[in-house]
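# Secondary and tertiary structure notes
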Amino acid sequence: AEGHFPDRIVQQLKQLLDQGTLGRVLAAECTNHGSMPGIWFVDPVLSGGGAVLDHTVHVVDLLRWFWGAEVSEVYAEVGESLAHPNLGIDDCGMLSLALTNGVYATLDTSWSRPASYPTWGDVKIEIVGDKGVAYADLSKQHVSVSSTQTGKTQWHSWGGNMDLGLMRDFVEMIRQGRGPSISGEDGLAMLEVAL
């Protein structure tokens, strides 16, 4: 399981869930916001969809992994050109998900962060159980530096880097001759939810 999500915060959250620390899990409230990436992301022919497709797959992958459950039902409200006028593709959405283990989840996705935002975006997860609540902000492992020399506030990360971890896992997969930590079937399941 460790190779699936190498980020330490995600590993700790998974461990809490596996240990039953929160009791019976009732719901998960998630966000995945980012800056509008432009280029091929905003071309519906090349991307297949906007912010909802871009940001849903990552969080759904986490939810499926946390519980070994599938998404059985999806309801979504999707907005086009709300944060970015005349964009011509969805730039925000709100999803409600039912999982096969009885957990309900919401996911707020958007390209609502300005270009000056210090990182690519944010992923936050709050999990509510009948014995406790856990909150994880996967972008909080940083020091904020505001300087007139740089022209904007910058975040300098000191903690985990999920993107780097995924790249390292890919390289190790090739070196060790093993299968991927996240399979093509996982990718298909996430894409089905997003679509």
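Further up the page is the structure itself.
Cut-offs used in this document
Residues numbered from 1 in each chain as written. Predicted model: local features only at pLDDT ≥ 70, side-chain atom pairs only at ≥ 80, totals over all residues. Heavy atoms only, no water. Phe/Tyr/Trp six-rings, centres within 6.5 Å; stacked < 30°, edge-to-face > 60°. Buried < 20%, exposed > 50% of the residue type's maximum accessible area, 1.4 Å probe, protein only. Lys NZ or Arg CZ within 6 Å of the ring centre and 35° of its normal. Helix = DSSP H or I, 4+ residues; strand = E, 2+ residues; numbered from the N terminus. Arc of directions from axis to C-beta. Contact = heavy atoms within 4.5 Å. Pairing = 2+ DSSP bridges. Axes fitted to C-alpha atoms, helices over the stretch in contact; angles between N-to-C directions. Salt bridge = Lys/Arg side-chain N within 4 Å of Asp/Glu carboxyl O. Parallel < 35°, antiparallel > 145°, perpendicular 65-115°, else oblique. Left-handed = near helix turned anticlockwise from the far one by under 90°.

## Regarding the packing of aromatic side chains
Tallied over the full model, the rule gives 3 aromatic pairs. Measuring from ring centre to ring centre gives 4.1 Å for tryptophan 40 and phenylalanine 41, while their planes differ by 20°; the resulting arrangement is stacked. The partly exposed category is assigned to tryptophan 40, whose relative accessible area is 42%. The exposure class assigned to phenylalanine 41 is partly exposed, which follows from its relative accessible area of 22%. When the ring of tryptophan 65 is compared with that of phenylalanine 66, the centres are 5.9 Å apart and the planes differ by 40°; the resulting orientation is tilted. Assessed through its relative accessible area of 2%, phenylalanine 66 is described here as buried. The ring of tryptophan 65 has lysine 14 sitting right over it, with the charged end atom 5.3 Å from the ring centre.

## Regarding helix α5 (residues 184-194)
Those residues of α5 that sit buried are Asp186, Ala189, Met190, Val193 and Ala194. Here the buried residues of α5 occupy an arc of 140° about the axis, which is enough to place them on one side. Summarising the geometry of α5, the exposed residues directed more than 90 degrees from the buried face are Gly184, Glu185 and Glu192. Its buried side turned inward, α5 meets α3 (51-67), β2 (71-80) and β3 (90-99).

## Here we look at the pairing of strand β1 (residues 25-35)
In terms of burial, β1 is largely enclosed, as 8 of its 11 residues are buried. Judged from the 9 bridges that link them, β1 and strand β5 (residues 121-129) form a sheet pairing that is antiparallel. Paired with asparagine 32 across the two strands is valine 123, which belongs to β5.

## So, unusual backbone geometry
Of note, isoleucine 39 is a non-glycine position whose phi angle comes to about 40°, a positive value. Mapped onto the elements, isoleucine 39 comes out in the loop between β1 and α2 (44-47). With phi around 60°, asparagine 86 is a residue other than glycine that occupies positive phi space. Within the element layout of this structure, asparagine 86 appears in the loop between β2 and β3. According to the relative accessible area criterion, asparagine 86 is exposed, its value standing at 76%.

## Focus: the sheet that holds strand β4 (residues 104-113)
Taking strand neighbours across the sheet as the criterion, the 6 strands line up as β2-β3-β4-β1-β5-β6 in an open arrangement whose pairing is mixed. In this open sheet, the two edge strands, each paired with only one partner strand, are β2 and β6 (132-137). Strand-to-strand, the axes of this sheet are offset by a mean angle of 10°, without reference to chain direction. Relative to β4, β1 is paired through 8 bridges, and the arrangement is parallel.

## So, the pattern of salt bridges
In total, this model carries 5 salt bridges according to the counting rule given. Glutamate 70 is paired through a salt bridge with arginine 64; the nearest N and O atoms lie 2.9 Å apart. With relative accessibility at 36%, the residue glutamate 70 sits in the partly exposed group. Here aspartate 122 and arginine 113 are joined by a salt bridge, their closest N and O atoms 3.0 Å apart. Take aspartate 122 and arginine 113: they sit in the same class, and that class is buried. By sharing partners, the salt bridges in this structure join Arg64, Glu70 and Asp186 into a single network.

## Structural notes on the packing of α3 against α5
Packing of α3 against α5 brings their axes to within 8 Å, and their N-to-C directions diverge by 125°. On the basis of their axis angle, the class for α3 and α5 is oblique. In this structure, the crossing between α3 and α5 has a hand that is right-handed. Across the interface between the two elements, Val52, Leu53, Thr56, Val57, Val60, Asp61 and Arg64 from α3 touch Asp186, Ala189, Met190, Leu191, Val193 and Ala194 from α5.

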